[in-house]
Amino acid sequence: MLQVLSQYTFLPRIRPKAPTQPRKGPGGAAYAHKRVRAKRYKNAHSKYWIFEPANPRPQKAPVIFFFPGWGGIHPAPYRAWIDHMVRRGNIVVYGIYQRPILELPWRFTSNAVAIIKAATKNLNRCRPVRADLEKCAFLGHSAGGVVGANLAAQWKTFGIPKPSALMGVQPGAGMAFKPGIPFADFSKIPSSLLMLMVSGEHDAVVGSNNAVRIYKGATSLPKKNRNFVLMKTDRHGMPWVHSGHFSPVTMGKRRITTIDWFGYWKLFDGLCDAAFTGKNRKYALGNTREQRGMGLWSDGVPVLEMKVVTDPNRI
């Protein structure tokens, strides 16, 4: 009734509320662990954080190597996502590949290699949670999205763990491999890997060019094992869904909301579940309703679905 009256009076339009976090499944709140144990490590060659699940403490856990966007020298902007992954039962290594913040971009990948080697050595020691490096994933945002893809393409050459899953969110900062060579040869990405490249409809910082380059370059992967996903913006309700470059960041006024639970978190949860256990593939790959769906506004209207792009040249 109030919505009808607001069309003819001074009353403001009542905006529908955004969906809440699902109770279970990828992106959901059915956490296996109540606490996150965090510790920072630093030496002359690498700087990183290790986050481990606790209460209860598992005997072993898969490992996610997370590489942030440019300037991500502290995990705070991504802490909500990190805690979500860890409470689901994963170890997360947050790699600070910029030393210092103004370091040349072509050093990013080699710095990330040093981080992975140092963290792997640390994880192999007697720790509260044993790392299962047979179940390993690379996750990157912005510049970190290119770093993750470079690492996946050269894992054997670099002598780092072989990834089972790779997700790049709004990959940017092209000069991230070595001088004169902006990118690795993505056709060398392991054929057994599951991959998602995710771009934002309203990403005015890096656009979709690098995500397209990585997706098209990963020719070793069957198309059923890689998807290019375009996140959409929806202003129907409040808080509205904005697919900008910094939408994976939850800090300050940016609250955890629909684009996290039904977007980035759900996609990566499903991708890792599919790669590690063979479950929940439909939430990450295949252009399914479960993959694209973003929940319902409080008035029953579906939030605009993500788009699985079959021809990235037409974005």
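These numbers were taken from a predicted model, which means no experiment stands behind them.

Cut-off values and rules
- Residues numbered from 1 in each chain as written.
- Predicted model: local features only at pLDDT ≥ 70, side-chain atom pairs only at ≥ 80, totals over all residues.
- Heavy atoms only, no water.
- Pairing = 2+ DSSP bridges.
- Helix = DSSP H or I, 4+ residues; strand = E, 2+ residues; numbered from the N terminus.
- Contact = heavy atoms within 4.5 Å.
- Axes fitted to C-alpha atoms, helices over the stretch in contact; angles between N-to-C directions.
- Salt bridge = Lys/Arg side-chain N within 4 Å of Asp/Glu carboxyl O.
- Buried < 20%, exposed > 50% of the residue type's maximum accessible area, 1.4 Å probe, protein only.

### Digging into the sheet that holds strand 9 (residues 307-308)
Strand order in the open sheet formed by nine strands is 1-2-4-3-5-6-7-8-9, with mixed pairing between adjacent strands. The sheet is open, and its two edges are formed by strand 1 (35-42) and strand 9, each paired on a single side. Where helix 3 (residues 108-123) meets the sheet, it contacts strand 1, strand 2 (47-54), strand 3 (60-67), strand 4 (91-95) and strand 5 (130-141), and its direction lies at approximately 40 degrees from that of strand 2. Seen against the sheet, helix 4 (residues 143-153) touches strand 3, strand 5 and strand 6 (165-169) and runs at an angle of roughly 135 degrees to strand 5.

### A look at the pattern of salt bridges
Inspection of the entire model under this criterion finds nine salt bridges. Linking Arg289 and Glu290 is a salt bridge whose minimum nitrogen-to-oxygen distance equals 3.4 Å. What makes Arg289 exposed here is its relative accessible area of 59%. A cluster of three or more residues bridged by salt bridges with shared partners is formed by Arg88, Asp269 and Asp273.

### Overview of helix 2 (residues 79-87)
Helical geometry: 3.6 residues make up each α-helical turn, so side chains three or four residues apart lie on a common side. Those residues of helix 2 not exposed but buried are Ala80, Trp81, Ile82, His84, Met85 and Val86. Positive backbone phi, approximately 115 degrees, marks Gly89, located one or two places after helix 2.

### Examining unusual backbone geometry
Following Asn55, the chain continues to Pro56 via a peptide bond in cis, the omega torsion being 0 degrees. When you line up the elements, Pro56 lands in the loop between strand 2 and strand 3. Backbone torsion omega between Met238 and Pro239 reads -10 degrees, so that peptide bond is classified as cis. Despite not being glycine, Asn55 has its phi angle at roughly 55 degrees, a positive value. With respect to the secondary-structure elements, Asn55 resides in the loop between strand 2 and strand 3. Positive phi outside glycine occurs at Ser142, with the angle close to 55 degrees. Along the chain, the position of Ser142 falls in the loop between strand 5 and helix 4.

### Considering the pairing of strand 6
Buried residues dominate strand 6, accounting for five of its five residues. Burial along strand 6 is two-sided: the face carrying Ala165, Met167 and Val169 and the face carrying Leu166 and Gly168 are both buried. Sheet analysis places strand 5 next to strand 6, joined by five bridges and oriented parallel. By the bridge assignment for strand 6, Gly140 is matched with Gly168. As paired strands, strand 6 and strand 7 (residues 194-200) are joined by five bridges and run parallel to one another. Each bridged residue has a counterpart across the sheet, and for Gly168 the counterpart in strand 7 is Met197.

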